[in-house]
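Here are the chains, one letter per residue:
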Amino acid sequence: MEVVEITRDEIAKWPVGKRFEVLPRIRHVIAEQMGYVMAGYSPGGYTNDLSTLLGGLLISASVFPRVMKLPRMRRARARAEELAGAVLEHKRKVGPRRAGPDFIDLMLDLREADPQLLPETNLNLTVLAPYLVGLDTTASTCAFMLENVLKRPELMESMTAEADALFEQGLTPGEGLRRLDVSRRVAMETLRLHPVSPAVLRTTANSFEFAGYRIPAGTLVMVGTSVGHALEEYFPEPERFDIERYTDVRAEHRQRGAYAPFGTGNHRCLGAGLVPVQLGLTMATILRELALEPLRPDHALRVRSFPTMRPVGFNIRVLGRRTHAAAATNGAGNSSS
Ligand code: HEM
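Residues numbered from 1 in each chain as written. Predicted model: local features only at pLDDT ≥ 70, side-chain atom pairs only at ≥ 80, totals over all residues.

### Observations regarding the overall build of the protein
No. 1: When helices and strands are tallied, the protein shows 10 helices and 10 strands.
No. 2: For 337 residues, the compact-globule estimate of 2.2 N^0.38 gives 20 Å, and the protein sits close to it at 21 Å.
No. 3: Overall, the protein is about 60 × 50 × 40 Å in size when its C-alpha atoms are taken along their principal axes.
No. 4: Every one of the 337 residues in the protein was classed for burial, and the buried ones make up 35%. (Helix = DSSP H or I, 4+ residues; strand = E, 2+ residues; numbered from the N terminus. Rg over C-alpha atoms; globule rule 2.2 N^0.38 Å. Buried ≥ 20, exposed ≤ 12 C-beta atoms within 10 Å, placed from the backbone.)

### Re the site of the ligand
No. 1: Inspection of the region around the ligand gives 19 residues, with Thr137, Gly263, His267, Cys269 and Gly271 positioned closest.
No. 2: Among the elements of the structure, helix 7 (138-150) and helix 10 (274-289) are those that each provide at least two residues to the shell around the ligand.
No. 3: Summarising the domain contributions, the shell around the ligand has at least three residues from each of domain 1 (2-174 + 271-321) and domain 2 (198-268). (Near = placed C-beta within 6 Å. Domains from an automatic or database assignment.)

### Some points on the packing of helix 8 (residues 153-169) against helix 10
Angle between the axes and distance between the axes are the two parameters that describe a pair of packed helices.
No. 1: Put simply, helix 8 and helix 10 touch, their axes get as near as 8 Å, and they point 95° apart. In terms of their interaxial angle, helix 8 and helix 10 are classed as roughly perpendicular. Within the contact between the two elements, helix 8 uses Met159, Thr160, Glu162, Ala163, Asp164, Leu166 and Phe167 and helix 10 uses Met283, Ala284, Leu287 and Arg288.
No. 2: Taken together, the residues of the contact of helix 8 with helix 10 break down into seven nonpolar, one polar and three charged. (Axes fitted to C-alpha atoms, helices over the stretch in contact; angles between N-to-C directions. Parallel < 35°, antiparallel > 145°, perpendicular 65-115°, else oblique. Contact = placed C-beta atoms within 7 Å. Nonpolar A, V, L, I, M, F, W, Y, C, P; charged D, E, K, R; others polar.)

### Observations regarding unusual backbone geometry
No. 1: A cis amide bond links Phe306 to the next residue, Pro307, at an omega of 0°.
No. 2: At Ala211, a residue that is not glycine, the phi angle is positive and equals roughly 50°.
No. 3: Within the secondary structure, Ala211 sits in the loop between strand 3 (208-210) and strand 4 (213-215).

### A word on the packing of helix 1 (residues 2-11) against helix 10
No. 1: Here helix 1 crosses helix 10 at 45°, and the two axes come no closer than 9 Å. With respect to helix 10, the element helix 1 is oriented oblique. Every pair of crossing elements has a handedness; the one defined by helix 1 and helix 10 is right-handed. Contacts between helix 1 and helix 10 involve Val3, Val4, Thr7, Arg8 and Ile11 from the first element and Gln278, Leu281, Thr282, Thr285, Ile286 and Glu289 from the second.
No. 2: Of the residues in the contact of helix 1 with helix 10, the class split is five nonpolar, four polar and two charged. (Left-handed = near helix turned anticlockwise from the far one by under 90°.)

### Regarding helix 2 (residues 22-39)
No. 1: Between the first and last C-alpha of helix 2 there are 25 Å, a value that for 18 residues agrees with the 26 Å anticipated at 1.5 Å per step.
No. 2: Within helix 2, 15 of the 18 residues are buried, leaving the element largely enclosed by the surrounding structure.
No. 3: Taken from the residues just after helix 2, Gly40 is the one with a positive phi, measuring 65°. (Expected span 1.5 Å × (residues − 1).)

### Thoughts on the domain arrangement of the protein
No. 1: Domain parsing of the protein yields domain 1 (2-174 + 271-321) and domain 2 (198-268).
No. 2: Computed from C-alpha coordinates alone, the two centres of domain 1 and domain 2 are separated by 26 Å.

### Quick look at the nonpolar core
No. 1: Leu50, Ala143 and Met145 are the most contacted members of the largest nonpolar core, which totals 64 residues.
No. 2: Per-element tally for this core: the top contributor is helix 2, with 10 residues.
No. 3: Apart from residues lying up to four places away in sequence, Met145 is in contact with Val186, Ala187, Thr190, Leu279 and Met283. (Core = buried A, V, L, I, M, F, W, Y, C linked by C-beta atoms within 7 Å.)

### What to know about helix 9 (residues 181-193)
No. 1: Along its 13 residues, helix 9 runs 19 Å from first to last C-alpha, staying within 8% of the 18 Å computed at 1.5 Å per residue.
No. 2: Taken together, the buried positions of helix 9 are Val182, Ser183, Arg184, Val186, Ala187, Glu189, Thr190, Leu191 and Arg192.
No. 3: In this fold, the buried residues of helix 9 make contact with helix 7, helix 8 and helix 10.

### Concerning the environment of Leu128
No. 1: Here Leu128 lies in helix 6 (residues 120-132).
No. 2: We classify Leu128 as buried; it has 21 C-beta atoms within 10 Å.
No. 3: In the structure, Leu128 is positioned 45 residues away from Leu83 in sequence and 7.9 Å away in space, judged by C-alpha atoms.
No. 4: Excluding anything up to four places from it in sequence, Leu128 contacts Leu50, Ala80, Leu83 and Ala84.

As structure tokens, this is what we get:
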């Protein structure tokens, strides 16, 4: 319910009639949602700083460690630390969330039990994790999803109908994606064609042979977890956007090794359960509230793949706000309940 309410509040700020780049706006939506769900605290005006900081951290971890010394990175870090301080202060004042502990409550419990489990040096980044995790993952995927929908009028129509039915019949807390079947499959196909994290890095613990190569222990290897997404043997006409792949009859994604947008094995993404629901509800709210300008079917998207996969310069236009009776919600914001 809160995810819907937060989305509604954020997209109410999107301008009508004027084209704008959608990814930064969606980042605000996702950061607000994650902040509420995992920390009980809104990131408010800090989302752009968090986004800059995250970009810097990813670049410094992979190619250019000195990037964090740049003035704009220092500024972003200082602002992010300010937010971390505000979250901790808020938690000190209000205590753990009454409805059940959130991520920050659990981390603070851990620290109280044994400070070595969460030392002071890691505290700020841990407190910021709820806000950072979705910025380059869920938000980019949501923008890719929007592009896929806006250039396919039949999909936009069926997702809008699905969203209308969902809101008119009322949302049941925790019901998942049962009534958002088209949305769910559009999200899955988007994650197949635009996996924001298409490979993972590992250091081998033991030596082994692979495809005729000897890989010694201690080698840094990149595992292309999403390679299967583009293979004809798993997904016929792999470059084609086709949500029928995920029906029970075809179930192409269920073949072993075929589909892994969230990675695989012991370190599979911990957000893999949450993200599809979040994407489904966010898209449903957008389509319920806004009439968006369709894109041409041949709309070409520019994609940047470093430090993570994301659309660049992808603009949309809101044609108008749809009118209908508002659905009941529980409300949200910087509260601990
Ligand atoms: C579209 C959104 C997302 C995608 C595509 C995605 C994808 C991934 C991938 C590919 C990995 C690496 C798995 C591996 O190393 O084998 C990963 C790890 C992880 N993800 Fe996500 N992620 C997304 C959003 C999220 C969100 C929102 C959260 C938090 C709620 C999250 C939490 C994590 C964590 C904690 C790990 C590390 C797991 C571990 O090392 O054991 N992810 N994710």
